[in-house]
Structure formats: C-alpha cells, structure tokens
Amino acid sequence: MAKILIAILYIAAILVIGIIAGRKVKTADDFATASRNIPYWTNVYSMSSAWIGAGSTLGCASMCYAYGISGFYLAIGVGIGAILASVVFAGRIRQENVSTIPELIRKHLGKTCADCIALLTIFSVFSVVASQIRSLGTILTMFIPSLSLFMAMLIMTVVMLIYTVIGGMVAATKTDKLNIGLMVLSVMIILPIIALVRAGGVAGITAAVRDAEPLKLKVAGTVGWATMISSGLYFGTSGMVNSENFLRVCGARSAKEARGASLTSTLLIYFPYLLFASFIGFAGIALVKNLGTSDSILPAMVNQLTGTFLGAILLAALLAAVMGTAASVTMVTSVTLSRDVIGRFTKMDDRKLLTVQRVSMIAVAGLGLIVGYFGSSIVSIMEDVGAPCGAALVPIFCGLFFWGKKMNAKGTLITIVVAVASTLIYWIAGSPLKISHFLFGLICSTITMFIANAACYKKPEVSA
Amino acid sequence: MGFIDYVIIVIGCGIGASVFYHMIKEAVRK
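Please read these numbers as outputs of a predicted model, since none were measured by experiment.

Conventions used here
- Residues numbered from 1 in each chain as written.
- Chains lettered and ligands numbered in written order.
- Predicted model: local features only at pLDDT ≥ 70, side-chain atom pairs only at ≥ 80, totals over all residues.
- Contact = placed C-beta atoms within 7 Å.
- Nonpolar A, V, L, I, M, F, W, Y, C, P; charged D, E, K, R; others polar.
- Helix = DSSP H or I, 4+ residues; strand = E, 2+ residues; numbered from the N terminus.
- Expected span 1.5 Å × (residues − 1).
- Buried ≥ 20, exposed ≤ 12 C-beta atoms within 10 Å, placed from the backbone.
- Domains from an automatic or database assignment.
- Bend = angle between axes of the 7 residues up to and from the residue.
- Core = buried A, V, L, I, M, F, W, Y, C linked by C-beta atoms within 7 Å.

> I would appreciate a short explanation of the interface of chain B and chain A in the present structure.
How big an interface is tends to be stated in terms of accessible area lost as the parts join. At the junction of the two partners, chain B supplies 16 residues and chain A supplies 20 residues. Residues that form the side of chain B that touches chain A fall into these classes: nine nonpolar, five polar and two charged.

> Before we go on, may I ask you to explain helix α1 (residues 3-29) of chain B in this structure?
Since the α-helix advances by 3.6 residues per turn, residues separated by three or four positions end up pointing in the same direction. Here α1 of chain B spans 38 Å end to end across 27 residues, near enough to the 39 Å set by a 1.5 Å rise per residue. Listing the buried residues of α1 of chain B in full gives Asp 5, Ile 8, Gly 12 and Val 19 of chain B. Buried positions along α1 of chain B lie against α8 (149-199), α9 (201-212) and α12 (255-287) of chain A.

> When you look at the environment of Ser 49 of chain A in this model, what are you seeing that I'm missing?
All names here are of chain A. For Ser 49, the location among the structural elements is in helix α3 (residues 40-51). Judged by the 33 C-beta atoms lying within 10 Å of it, Ser 49 falls in the buried class. Sequence separation of Ser 49 and Ala 172 is 123 residues, and the distance between their C-alpha atoms is 9.6 Å. Those residues in contact with Ser 49 that sit more than four places away from it in its chain are Asp 176, Asn 179, Ile 180 and Gly 324.

> Whenever I open this one, the domain arrangement of chain A confuses me. Can you help?
Residue and element names in this part refer to chain A. Along its sequence, chain A is organised into domain 1 (2-376) and domain 2 (386-458). The distance between the C-alpha centroids of domain 1 and domain 2 comes to 26 Å. Tallying the contact residues gives 22 residues for domain 1 and 21 residues for domain 2. Mapped by element, the contributors of at least two residues to the side of domain 1 that touches domain 2 are α5 (72-95), α6 (101-109), α7 (111-143) and α10 (225-240). Residues of the side of domain 1 that touches domain 2, tallied by class, amount to eleven nonpolar, ten polar and one charged.

> What exactly am I supposed to notice about α5 of chain A here?
Residue and element names in this part refer to chain A. When the terminal C-alpha atoms of α5 are compared, their 34 Å separation across 24 residues agrees well with the 34 Å that a helix rising 1.5 Å per residue should span. By the largest-angle criterion, Phe 89 marks the main kink of α5, which is about 45°. Of the residues trailing α5, Asn 97 is marked for its positive phi of about 55°.

> What is the right way to look at unusual backbone geometry in this model?
Excluding glycine, residues mostly carry a negative phi; peptide bonds, for their part, are mostly trans. Residue and element names in this part refer to chain A. With a phi close to 55°, Ser 35 is a non-glycine residue in the positive phi region. For Ser 35, the location among the structural elements is in the loop between α2 (28-33) and α3. You will see that Asn 97, though not glycine, has its phi angle at about 55°, which is positive. Within the secondary structure layout, Asn 97 lies in the loop between α5 and α6.

> Would you mind going over the environment of Lys 24 of chain A with me for this structure?
Residue and element names in this part refer to chain A. Mapping Lys 24 onto the fold places it in the loop between α1 (2-22) and α2. Judged by local crowding, Lys 24 falls into the partly exposed class, with 14 C-beta atoms found within 10 Å. As for Lys 24 and Ala 171, which are separated by 147 residues in sequence, their C-alpha atoms are 9.0 Å apart. Other than its neighbours up to four places away in sequence, Lys 24 contacts Asp 30 and Val 170.

> Help me understand the nonpolar core in this model?
Looking at soluble globular proteins, one finds that nonpolar side chains tend to be buried together. Residues and elements named next belong to chain A. In terms of nonpolar packing, the biggest core is built from 162 residues, with Ile 280 and Leu 319 touching the most fellow members. With 23 residues, α8 is the single largest residue contributor to this core. Three or more residues apiece are contributed to this core by two domains, here domain 1 (2-376) and domain 2 (386-458). Residues in contact with Leu 319, not counting those within four places in the same chain, are Tyr 10, Leu 136, Ile 139 and Leu 140.

Written out as structure tokens, the structure is:
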C-alpha cells in the first residue's frame, strides 16, 4: 500500500510542478529551449537529470555486481566522456544560437549534410526513447506488481506526455529538480549508508568478495584490459556528443553559463552519481547472493535491505532517474523531427511550429511505447544501428569547432557515408577486431574527415 | 565501519547538502 501511495504522490507532484511551470510556454522557442533563459543551477539539475537514466543507474550497479572492481570502467568511461563534452563542446554549441544538431550542421555545412544528420539523430535518439519508456513501465510494475507491463508503460508515457506537451523544456527543467533531489538522496546518501552498515563497511564487502569470487577484486580480473579499454573508449566518446543535453545547453543564458553548468553538473552530480551507483552494485556482491540477472541488483537490494516505506522512496528515485531522461530524449526527437524534417517541407510560423512540436511529441512517445513493448530486441538492434550517428558526429563536431576553415559540405558528406558504411559493415561482420563497431566506425570516419575535407577544400576567391 | 566508510558517507552527504542548498537558495531568491 505504501508503495502505491508513494508512486501516486510522485506522479501527482511531477504533474502539478510540470503543469504550473508549463503555463508560461507561449512560443516554439519557449517549448524547445525555454527561450534560452534557463538559470544556472536549474540547468545544472536539469542536465544531471537528463544524463542520469536507466543505463547510468541500473547499468553501473549491474556492471559492478557482475564484474566486480572491473565494472567501474563503465562509470569512468561515461564520466570522462561527459567531462570532455562539457569542456570541449558545451560553450561552443551555445555560442552558435541553434536549437538542434542538424540546425548547427546546416548553418556551416549546408542542407544535404544536415538532412543526413537529422535522420541519423532521430533514429539514434528514438531507440533511447523506446528503451526508457520500457524501463519506466518496468519500474512502475515494481510498485504495483498487479499491473501488466504494457499498462504500466502506458501510464508512465501519458504522465510524461501531459507535463512535457504542455510545458516543454520549461516544465522539464522544473520537474528535473524533484527528480535529481530524489536521485541524490537515494543513490548517494541512503543506499550507500545502508549497504555499508549491513555489509560491515568496505572491509566487510572486500572480505566477502574475496571469499566468494576473488577475481572480482582484481582490476581487469573478470573482463580483461582489452574489453575494458575498448568499452571505456566507446562510452567516453559516444557520451561526448550527447543529444539528451543538446537542448539544455542551447537553453543556457550564455556560452559561459552553458559550459559552467554542464561542467558543474558533471563534476558535482553526474560522475559521483555513476561511481556511487557502481559502488552499490559492488556492495551487492556481498549482500545479495544468487541473483538471476545482474540487471536487477539495485531493485533487489532495495527490496532486501529496506522496509516498505523507505523502499518505496528509493524506488521512486529510480522512477525519477528514468523519467528525466525519457522526457528529455522524447523532446529532442520531436523538436528535431518538427524543425529539421517537417520544417524542411512546409513553412511554419511560430504558432504552427509550437503545435507541430507538441503533436510530434505525442507521436514519438506513442511509437516509442509500441516499439519499447513489442520489440525489446528491436530496441537493442536500433541502439546498435544508432552507433553510426555518434561515429559521424564526434569527428564532425571536432572538425567544425577546431578545424572550421577546412570543413566543407562535400568532405563532410563523404565522412557521414564512411561512418555509416564502416560501422554497419563491421557490425554485420561480427566485430572481428574485438573492438566495438562504434569505435571502428569512429576511427574510419575521423581519418576520412581529415582526408576528404582537405581534398575537397577550395580556397575562397578573394574579390578585387 | 572504518575511515574509508566515513569518507564515502561524508562525500555522499556533502554532495547532497550542496545540491539541496543551491536548490533552496534558488527557490528563496525567487
């Protein structure tokens, strides 16, 4: 009963905050970027909430539960990627005064490159929409086990849609404060304290792990250095071009604030959160024996170590972690779809664009619900196929910001084609070089970017 | 519970305190 009550309270709070804040939304820019006027600390919380999703919370804990100390590579790889994204890209992106990634590409490299990037971005981010909606449903069924997965996914999708369709980015940034408060309280304070006390501290945890599975105490003892470095590089570089936070970076009041808020969010909240989630998974080796699948270590620990009321609050934090990311990726997909796909075919005034963004959001979430429910394998395939987007974007972003003069439409188009072809062919061939297909595609596209852009570069004619 | 355990708890609580401090400060300023 307490679980159901907490779930209802959380959902009601999200809706009230979102709807009240959302009444301020009047224009398409209010909806997409909160009129580029998000206060510094509000943006810090919002960026953290968008970054922290099912992968960061359940994934990090699961890796350390399954692989021990070696499992920390996921947190370290993702964390370093986020720091690089903040330091290298955030300020520069905000300086461009754009709202979407394709808009940025169109501004510098023309329509054809932007169209290709728009399609790749939508495809890649949509896979995250579907997986986050599925995660939302899965967590709600932990509160109310009598609910079917589809019904739980439907309820959470409707809740997410109500506040985001009304309030867009304005509502998202306000509700993110509640989400991040719950997440920090649960994953960085309550759960570690409970785990440490129950397991007899770090000494007790290491002693228990040494007795049961000593390899889990050795760095690279369970997965090997090659996998750790390859996967760490994968998560680090793919995290550098972060679609989830693009709208929030664009919504900052200035380039300096965008960079500062992004870096504060990463160093103060996101990176420590990843390490804490990993630590909880590591403590789980000592506390939870014989768990069927490592993915459910965090909910299993909540169930085993806490009472009903505290457990319900901790589960609400998991719901909050996924809700922020789900809302964020759905918004990115719908804004990109409205501005960079539909907007290319029909001219729209501000009022119409706002309506199209809202309708797109409902369509994207509806499709995400169907794909997320009926095809968990489709979602994982889409995530794999979404890799070319990252492989193309990382070198193009670096080229745009640090090699701008030489970058040209033809060279970039060749880079995109090579990124897509090399990633997919290598993936279909079964990743023969033992590195991920994303990393292979990234290496190919980076080399191509330098060669193709240099070869296709034409010096601008100087008028007399 | 040893020294390292308290360090972990202090870091977690410190981050939590900082997050809530700025959240309340921003709300009060409005």
